Amino acid sequence: MVLIAIAVIFLCLQNNNVLADIGTATSYNAPYMPTRCYGNREDQFPAGNLFIAVSEGLWDNGAACGRRYRLRCLSGNNKPCKDGIVDVKVVDYCPKSPCPSTILLSNDAFSAVSRSSTAKINVEYIQ
């Protein structure tokens, strides 16, 4: 029994992988205000306008406001993905019903990860 416990502990310590969630992302256009999180506050948008609106699954009854996610493009039609990762801030709830994707990225955030402004992409994201 002790050997099994030691083996389990060893395996847990060896696993340095971080598990991220997988979803879809699209871009959305201005006007970005008012937002469900911060209304008309001008200071709500982070540097570089790297912000997102989230769908019901991430909204968490508004608790998502201010959360930061790190995301990267995984795939999409016509190979839209750029290399790299972008850090974004939640400022809004998806204004469309039904929401077209898990995450709606501001145009600036979307162009940081995708070559196409109109693509629906598959993304990996982690808080």
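Data block above holds the structure.
Described in the following lines is the structure provided in the data block. Computed from a predicted model, the values in this text were never measured in an experiment.

Conventions adopted
- Residue positions are counted from 1 within each chain, in the order its sequence is given.
- Side-chain atom pairs in this predicted model are given and counted only at pLDDT of 80 or more, local residue features only at pLDDT of at least 70, and totals for whole chains, interfaces and linings cover all residues.
- Hydrogens and waters are ignored; side-chain quantities use all the structure's heavy atoms.
- The salt bridge definition used is simple: a Lys or Arg side-chain nitrogen within 4 Å of an Asp or Glu carboxyl oxygen.
- Remark: exposure states derive from per-residue accessible area (1.4 Å probe, protein chains only) relative to the maximum for the residue type, with buried under 20%, exposed over 50%, and partly exposed in between.
- Stacked, edge-to-face and tilted are the three classes for Phe, Tyr and Trp ring pairs, Trp counted by its six-membered ring, which pair at centre distances within 6.5 Å; planes under 30 degrees apart are stacked, over 60 edge-to-face, the rest tilted.
- Two strands qualify as a pair provided DSSP detects at least 2 bridges between them.
- For the purposes of this entry, the term helix denotes a DSSP run of H or I that reaches at least four residues, the term strand denotes a run of E that reaches at least two, and both are numbered from the N terminus.
- Axis definition: a line fitted to C-alpha atoms, limited for helices to the stretch in contact. Angles are taken between N-to-C directions and run from 0 to 180 degrees.
- Pairs of N or O atoms are called polar contacts if they sit within 3.5 Å, as long as, within protein, a hydrogen donor faces a hydrogen acceptor (for residues adjacent in sequence, only side-chain-to-side-chain pairs).
- In what follows, a contact means two residues having at least one pair of non-hydrogen atoms within 4.5 Å.
- In this description, a disulfide is simply a cysteine sulfur pair whose atoms lie within 2.5 Å.

With that settled, consider the pattern of salt bridges. Enumeration according to the criterion identifies four salt bridges in this entry. In this structure, the salt-bridge partner of Arg41 is Asp43, at a minimum N-O distance of 3.0 Å. Residue Arg41 is classed as partly exposed on the basis of its relative accessible area of 45%. A relative accessible area of 53% places Asp43 in the exposed class.

Okay, the packing of aromatic side chains next. Overall, the coordinates contain seven aromatic pairs when judged by the stated rule. Aromatic side chains Tyr28 and Tyr32 sit 5.1 Å apart centroid to centroid with 80 degrees between the ring planes, which places their arrangement in the edge-to-face category. For Tyr28, a relative accessible area of 6% translates into the label buried. Between Phe45 and Phe51 the ring centres are 4.5 Å apart and the planes differ by 40 degrees, which places this aromatic pair in the tilted class. One exposure class covers both Phe45 and Phe51, and it is buried. Clustering of aromatic rings is evident, with ring pairs tying together Tyr28, Tyr32, Phe45 and Phe51.

Quick look at the sheet that holds strand S3 (residues 68-75) now. Strands sit in the order S1-S5-S2-S4-S3-S6 around a closed barrel of six strands; the barrel is mixed. Across the sheet, the axes of successive neighbouring strands diverge by a mean angle of 45 degrees, strand direction being ignored. Pairing of strand S2 (residues 51-54) with strand S5 (residues 103-106), which is carried by three bridges, proceeds in the antiparallel orientation. Residue pairing for S5: Ile52 is matched across the bridge by Leu105.

Examined bridge by bridge, strand S1 (residues 21-28) and strand S6 (residues 121-126) share five bridges and lie antiparallel to one another. Bridge pairing in S6 links Thr24 to Asn122. In terms of strand pairing, S1 meets S5 through four bridges, oriented parallel. Counted as the bridge partner of Ala25 is Ile103 from S5.

So, about the side chain of Ser27. Relative to the assigned elements, Ser27 resides in strand S1. The exposure class assigned to Ser27 is buried, which follows from its relative accessible area of 17%. Engagement of the side chain of Ser27 in a polar contact is seen with the backbone oxygen of Ser117, the distance being 3.0 Å. Apart from residues no more than four positions distant in its own chain, Ser27 is found in contact with Leu105, Asn107, Phe110 and Ser117.

Moving on to the state of the cysteines. In the structure shown here, the tally under the stated rule is three disulfides. With its sulfur 2.0 Å from that of its partner, Cys73 forms a disulfide with Cys81. Taking the torsion about the S-S bond as the criterion, the Cys73 to Cys81 disulfide, at about -55 degrees, is left-handed. For the pair Cys73 and Cys81, one class covers both residues: buried. Here Cys94 engages in a disulfide with Cys99; their sulfurs sit 2.2 Å apart. Across the S-S bond linking Cys94 and Cys99, the dihedral sits near 100 degrees, which makes this disulfide right-handed.

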